[in-house]
Amino acid sequence: MTTVLVAGTASHVGKSTIAAGLCRLLSNRGRDVAPFKAQNMSNNARATPGGEVGVSQYVQARAARVSPTTDHNPVLLKPRGDGESQLVVDGDAVADVSAGAYYADHWDTALAAAEAAHERLARDHDVVVAEGAGSIAEINLHDRDLANVETARFADAEVLLVADIERGGVFASIVGTFELVPEAVRDRIAGVVITKFRGDRSLLAPGIEAVEERTGVPVLGVVPYEDPGLPEEDSVSLPPVGTRAVRGDDDGVPEDRSVTVAVPRLPRISNFTDLEPLVREPGVRVAYVPPADSLADADAVVLPGSKNTVDDLLALREAGFDERLAAFEGPVVGLCGGYQMLGETLTNATLEGTDDEERVDGFGLLPVETTFSETKTVEHVTRQIRGVGPLDGAEGVVEGYEIHTGESTSTGDVTRPFATEGRHRRRARYLPPRPLRERVCERYLREKYVRGRRYRPAAGGRLRAAKSLRARRTDGRRPRGPRAARGRVRFFRIEYSRTLCAMGRGRTHMVEVFAVASGKGGTGKTTSTVALGMALSDRYDVTVVDADTGMANLLFHAGLSDAETTLHDVLADDASVVDAAYDRFGMTVVPCGTSLEGFRDADPTRLRDVVATLAADTDVILLDSPPALDSRAAVLPVVMADRTVVVLQPTIPAISDGLKVQEYAASYDTDVAGLLFNKVRDDEPIDRVAEKTERYFDGPTLAAVPEAQAAREARRAGRPLLAHAPESAAAAAYRRAADALTVASGRPGDVADRFRSAVIPHPP
């Protein structure tokens, strides 16, 4: 077992991103990997079955393809103002402490919890990717630096030092860090990574050489400045309190076609990452505004979460924000603490504020009372959407999490857009028609992911797609202020979508769909599909779908013979895609089943919706297509894919059938990405055959895969060839094919729309 500690020369140098990238990279290479951060300080948290953890460790667990647990972040400090933080140990909030009290009264408990958590992870995984905190060279903290120095010690970790070039002085920060770290830690530093680089990398060469000579440690990589779309861990990325900043205004959408969501910049804002999906939505601007600013140019207002709801409410009231909010005519949404502020009263307020007032008036926009207590709610929840109010038009089942202190109950009749049971029945969700309040909505439920017919999160802990919530303003009233000059706003629409970007790839999320087809059986098409998928997964997020609904080949190639839910169940509308998706060998695999009854009940035309759903968050979709073009279901994958990979044997019948595939695909504007010759014997003149074949096909030869006993053994073992015999000549050929296969950019929404609206073709 190995532990790698990703430490930094300073805060905000990219440690979280590098750790997430390593988790995904190692997982793609078949290693059992888990993230770890002994101590985190962040108000952006997520719920796990055992309690809450920092958002970065939650994301890193997703990248590693493991279920997030509190062992990934055993100690979490959540700042609440006035020098105090809420201390969370093993997922449970135990105390509100100052820095002095933490080290005096809780240090031993925190250290023991971190050591025990790492020990459990080390026992269960091949590699632990640990993330440090701030700078590893804080000489005033070396005797109590849990996330850096202590982790390096008790984990016996190799250290990867991350330095940020964006703000200048990168070489000085590297050398200075080497000088200041304890000698025992210095000896553990195995390499350096420079992040956030823009420009010509060759210009760094003299500096890199000098650093390597001074430190004796290699610079292992220079990471370009690209935003992978991961959620921020702390408020460093936000504008300072009292200043305005707009996010999402660089998407190229004209101002007169965009909408603005105003978010008051609370002094103690928490979980502001809930708003990042809005930032990424084209045509939506998220404006973080000082509480004293006007709301005249806003189309909607979102009150975010707060780590100290009462004090932030009082700060907003002191700035006059409550009066401007009452006069605002657009939709208003409250998230967690922001929801509590929208209510009528907050009692036991001393538990959530620093004043001595037991009862504080809210903004009075919802008939809600909130009572604070020592008990904290941390849980995953599932809700059925009822599209009312600002959520008009939304539907489906959503999954998310709740992290909050206090229970909110309604004081009047309410309509709930989120169907709930049990103790949640009295929680106010949406207020019926009163002119001031019909636009006001709340949600304790954070990070809403939808599953089922439209969208899904992936199985095995990988998130594959996110929920879109549509909020519409249809009253036809003229907006106030500067926006009135741009014409009447009759229709307000927010697409609230979240995509967990592919981690460790440093690229904007795009998707391309390939049909792997042959025109005849026996060519090794399924073997090739799985091998290409596994080879491509080193660079891309890959999903493989068994589009041959009549023959369950993929099931056995991926070792899923015991899968309970398959694509047949999805096509019969008996299950969601999430239930039929499995994480196998660095890919997501969606297999068909072996039941004749399942095949009979399946509607192959629903494959359109399946691929549209999968397109929301993957880079490459490979459709293992039927071997013949003898039915509408058989030709559907070839027709709707972006491009086709044609699998051939070097024989005249196989090449002839492959030409039929190309001809039919071309009639529906599907191009050929390339030819893959399979089962090539040593005595066959493959170079000459390939050269002649390329005269008739539109795509190049990707590779020639030799006939191999290893391929047959892999099928019997229920493993892909690249996992069963990674050093074989056939595996090497498939890697060459994957390297030769260029993946073009296609926007997920475009792919989804094309598949959902596609006309079912007729067979040739």
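Everything below is about the structure shown above.
Residues numbered from 1 in each chain as written. Predicted model: local features only at pLDDT ≥ 70, side-chain atom pairs only at ≥ 80, totals over all residues. Heavy atoms only, no water.

### Let's talk about the overall build of the chain
The condition is simple: Each helix is a run of H or I in the DSSP string that is no shorter than four residues. Each strand is a run of E no shorter than two, and both are numbered from the N terminus. Accessible area is worked out with a 1.4 Å probe on protein chains only. A residue is then buried under 20% of its type maximum, exposed over 50%, and partly exposed in between. Where accessible areas are quoted, they stem from the Shrake-Rupley method and a 1.4 Å probe; at the residue level, only the protein chains shown are allowed to cover.
A count of helical and extended segments in the chain gives 24 helices and 36 strands. In the chain, which comprises 764 residues, the proportion classed as buried is 59%. A total accessible area of about 29800 Å² is found for the chain, and carbon and sulfur atoms account for 47% of it.

### Describing the pattern of salt bridges
For clarity, the threshold we go by: For salt bridges, the criterion is a side-chain nitrogen of Lys or Arg within 4 Å of an Asp or Glu carboxyl oxygen.
Taken as a whole and judged by the stated rule, the model has 20 salt bridges. With a shortest N-O distance of 3.1 Å, Arg-153 and Glu-115 are connected by a salt bridge. Pair noted here: Arg-153 is in helix α4 (residues 146–154) and Glu-115 is in helix α3 (residues 99–124), with a separation of 38 residues, a long-range link. Judged by relative accessible area, Arg-153 falls into the partly exposed class, the value being 43%. Given the relative accessible area of 29%, Glu-115 is considered partly exposed.

### Some thoughts on the nonpolar core
A general tendency of soluble globular proteins is for nonpolar side chains to be buried together. Note the cut-off: Side-chain atoms within 4.5 Å link the members of a nonpolar core, which is a set of buried Ala, Val, Leu, Ile, Met, Phe, Trp, Tyr and Cys residues. Note on contacts: a residue pair qualifies if any of its non-hydrogen atoms lie within 4.5 Å across the two residues.
Counting residues in hydrophobic clusters, the biggest one holds 48 residues, and the most contacted among them are Phe-36, Tyr-102, Leu-146, Phe-154, Ile-174 and Ile-194. The greatest single-element share of this core, amounting to 8 residues, is contributed by α3. Discounting chain neighbours no more than four positions away, the residues touching Ile-194 are Ala-163, Ile-165, Val-170, Phe-171, Ile-174, Ile-208, Val-219, Gly-221, Val-222 and Val-223. Counting residues in hydrophobic clusters, the runner-up holds 45 residues, among them Val-530, Phe-585, Ala-738 and Val-743.

### Re helix α7 (residues 205–215)
Operational definition: Within this analysis, the arc is defined by the directions that extend from the helix axis to the C-beta atoms.
Within α7 the residues assigned to the buried category are Gly-207, Ile-208, Val-211 and Thr-215. In an axial view of α7, the angular spread of the buried residues amounts to 100 degrees, which keeps them on one side of the axis. In α7, the exposed positions angled more than 90 degrees off the buried face are occupied by Pro-206, Glu-209 and Glu-213. If you follow the buried residues of α7, they end up packed against α5 (170–180), β11 (189–197) and β12 (219–224). Phi turns positive one or two residues past the end of α7, at Gly-216, with a value near 75 degrees.

### With respect to the sheet that holds strand β9 (residues 127–131)
Where we set the bar: What makes two strands pair is DSSP finding at least two bridges between them. Here an axis means a line fitted to C-alpha atoms, over the contact stretch when the element is a helix, while the angle between two N-to-C directions is reported on a 0 to 180 degree scale.
Pairing is parallel in the open sheet, where 6 strands are placed in the order β2-β9-β1-β10-β11-β12. Unpaired on one side and paired on the other, β2 (33–36) and β12 mark the two borders of the sheet. Sheet twist, expressed as the average angle between the axes of neighbouring strands with direction ignored, equals 20 degrees. Across 5 bridges, the pairing between strand β1 (residues 2–8) and β9 is parallel. Residue pairing across strands places Thr-2 opposite Val-127, the latter belonging to β9. Helix-sheet contacts for helix α2 (residues 55–64) involve β2 and β9, and the interaxial angle to β2 is about 175 degrees. This element, α5, spans β10 (158–164) and β11 of the sheet and lies at about 150 degrees to β10.

### Some words on the packing of α5 against α7
Selection rule: Any angle between 65 and 115 degrees counts as roughly perpendicular, while under 35 counts as roughly parallel, over 145 as roughly antiparallel, and the rest as oblique.
Put simply, α5 and α7 touch, their axes get as near as 10 Å, and they point 5 degrees apart. It follows from the interaxial angle that α5 and α7 lie roughly parallel. Within the contact between the two elements, α5 uses Phe-171, Ile-174, Val-175 and Phe-178 and α7 uses Gly-207, Ile-208, Val-211, Arg-214 and Thr-215.

### So, the environment of Glu-318
Positionally, Glu-318 belongs in helix α9 (residues 309–318). Take Glu-318: its relative accessible area is 74%, and that puts it in the exposed class. In the structure, Glu-318 is positioned 26 residues away from Ala-292 in sequence and 8.7 Å away in space, judged by C-alpha atoms.

### A closer look at unusual backbone geometry
If a residue is not glycine, its phi is most likely negative; likewise, a peptide bond is most likely trans. Positive phi, close to 55 degrees, is recorded for Asp-90, a residue that is not glycine. Tracing the chain through its elements places Asp-90 in the loop between β7 (84–89) and β8 (92–98). Overall, the relative accessible area of 31% leaves Asp-90 in the partly exposed class.

### Some words on the sheet that holds strand β30 (residues 542–546)
Taken together, 8 strands build an open sheet; the order of strands is β31-β32-β30-β33-β29-β34-β35-β36 and the sheet is mixed. The open sheet terminates on both sides in strands that have one partner only, identified here as β31 (582–584) and β36 (701–706). Pairwise comparison of adjacent strand axes, ignoring direction, gives a mean angle of 25 degrees for this sheet. In this fold helix α19 (residues 652–667) packs onto β29 (512–517), β34 (643–648) and β35 (671–680), with an angle of close to 170 degrees to the strand it touches most, β34. Against the sheet, helix α23 (residues 729–740) touches β35 and β36, its axis set at about 175 degrees to β36.

### Considerations on the packing of aromatic side chains
Condition: The rule is short: rings of Phe, Tyr and Trp, with Trp giving its six-membered ring, pair when the centres are within 6.5 Å, and they are stacked under 30 degrees, edge-to-face over 60, tilted in between. Placement of a positive charge over a ring is assigned whenever Lys NZ or Arg CZ falls within 6 Å of the ring centre and within 35 degrees of the normal to the ring plane.
Under the criterion given, the structure shown has 4 aromatic pairs. Here Phe-36 and Phe-154 contribute two aromatic rings whose centre-to-centre distance is 6.4 Å and whose plane-to-plane angle is 80 degrees, an arrangement assigned as edge-to-face. Here Phe-36, found in strand β2, pairs with Phe-154, found in helix α4; they are 118 residues apart in sequence, far enough to count as distant. Exposure class is identical for Phe-36 and Phe-154. Each is buried. Each residue in the set Tyr-102, Tyr-103 and Trp-107 is aromatic and connected to the rest through ring pairs, giving one cluster. Over the ring of Tyr-103 we find Arg-144, and its NZ or CZ is 4.7 Å from the ring centre. Sitting over the face of the ring of Tyr-225, Arg-198 holds its NZ or CZ atom 3.7 Å from the ring centroid.

### Quick word on the environment of Gly-252
Counting through the fold element by element, Gly-252 comes out in the loop between β13 (245–247) and β14 (259–264). Taking the C-alpha atoms as reference, Gly-252 lies 8.2 Å from Gly-283; in sequence the two are 31 residues apart.

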